[in-house]
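# Survey of secondary and tertiary structure
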Amino acid sequence: MPRPLIATIHLDSMQHNLMRARDCAPHAKVWGVVKANAYGHGLERGMRGLADADGLALIETENAVRLRELGWTRPILLLEGIFDAGDVDLLVRHQLNSAVHTVEQIVLLEQATLPGPIDLHLKMNTGMNRLGFRPEAFGAAYARLRAIPAVREITLMTHFANADELEHPRLTVLEQVRRFCLGADGLPGQRSLSNSGGVLHQGALSDELSNDWVRPGIMLYGGTPGGRSAAAFDLRPTMTLASEIIGVQDLVAGDSVGYGSGFQAEWPMTVGIVACGYADGYPRHAPHGTPVMVDGILTKLVGRVSMDMMAVDLTHVPRAGVGSKVILWGAGLPIDTVANAAGTIGYELMCALAPRVRVVEGNLDLNG
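What counts, and at which threshold
- Residues numbered from 1 in each chain as written.
- Predicted model: local features only at pLDDT ≥ 70, side-chain atom pairs only at ≥ 80, totals over all residues.
- Heavy atoms only, no water.
- Helix = DSSP H or I, 4+ residues; strand = E, 2+ residues; numbered from the N terminus.
- Contact = heavy atoms within 4.5 Å.
- Areas by Shrake-Rupley, 256 points an atom, 1.4 Å probe, with all protein chains shown as cover.
- Lys, Arg positive; Asp, Glu negative; His and termini not counted.
- Charge placed at Lys NZ, Arg CZ, Asp CG, Glu CD.
- UniProt positions renumbered as here; feature names shortened; annotations may be inferred.
- Buried < 20%, exposed > 50% of the residue type's maximum accessible area, 1.4 Å probe, protein only.

A separate point is the overall build of the chain. Of regular secondary structure, the chain possesses eleven helices and 18 strands. Seen through its principal axes, the chain has C-alpha atoms that stretch 75 × 45 × 40 Å. Nonlocal contacts in the chain, meaning residues at least 24 apart in sequence, comprise 62% of its contacts between residues at least 6 apart. Element-wise, carbon and sulfur atoms account for 51% of the exposed surface of the chain, whose accessible area totals about 16300 Å². Side-chain charges in the chain split into 31 positive and 38 negative, and the spacing between the mean points of these groups amounts to 2 Å.

Take the UniProt feature "binding site: substrate" (unreviewed entry) in the chain next. Here the UniProt feature "binding site: substrate" (unreviewed entry) sits at Arg130 and Met307. On the basis of their most widely separated C-alpha atoms, the annotated residues across 178 residues do not gather in one place, lying as much as 34.4 Å apart. Positionally, arginine 130 belongs in the loop between strand E6 (118–123) and helix H7 (135–146). Counting through the fold element by element, methionine 307 comes out in the loop between strand E15 (297–302) and strand E16 (310–313). On the accessibility criterion, methionine 307 (42% relative accessible area) is partly exposed. Once residues within four sequence positions are removed from consideration, methionine 307 is found in contact with Gly277, Tyr278, Ala279, Asp280 and Arg356.

Looking now at the UniProt feature "modified residue: N6-(pyridoxal phosphate)lysine" (unreviewed entry) in the chain. The positions UniProt marks with the feature "modified residue: N6-(pyridoxal phosphate)lysine" (unreviewed entry) are Lys35. For lysine 35, the location among the structural elements is in helix H2 (residues 35–39). A relative accessible area of 31% means that lysine 35 is categorised as partly exposed. The contact partners of lysine 35, leaving out residues within four places of it in the chain, are Ala57, Leu58, Ile59 and Glu60.

See below:
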């Protein structure tokens, strides 16, 4: 019998979360972001779960081609654009949209012999300072792209640094919007500004923030970029990581648990050993007290997470024993709650799911 650790992917939740993105930005088309193997959910599963999206966006050129091979016929956007001259041909052959964020990418396109039309997303750096042209250089970049005969549509794009915190003391969304409008003034083309945070706060920014396309990522997978909880935005978990208790130990005061003996019992207690460890993608640095659910009861991690196992407190789950069901995150235990306790973000937990973990599909049980 296989090891009892299973990740269940809820395609119905993806569909629900995509509808929530449309509810938040009803006048915009939606790029469903499926980078990083659809945030750890699997590219093919992400494509099916987001089948109603207007397009799919990712960064890996090979996975863009794979989407076409899987039968995706709608637009595909390469969020980081092309990486070398060999990628230019892919844009035409597979009808891929490409972000353009450097002069070097413009040069590649200028020097290429393009046998057909291509659509581009020109990226402006409005303060995040990762990729893109500064507002004062944006018009010149646009002009160079417009002069390439094969270039058809040019969408104007930026990326928000702090859309989860609208009044961020260093850089607000409204300031980035102001810079974007300044740099894009007078330039024709559709606009694409909002990531998940921008989409979720579209209502509060409706007078200032206008999108023709939005680019939700983490919200489609039941997480948030920060701030309010996923449940507060009516987002549903798309991945449930579940296992079982495979051993039980009764401790007396003074007994320690796990490598390094970092946890010591202060009184008699019972611990259960769960078939899940850092080799499965659970964060090794998760501290004592990180929430875990056993038989539907919320309890906590004790001791250090090891490669294949972890220990949880069963003192207040008296009926638990070998074979008891354990939820590490997902249905009943939000992934952001676990991530916050472990000092990380839900994105990392999703993307870190290890290849050895069995993955199945199943609808989300809202009744627990």
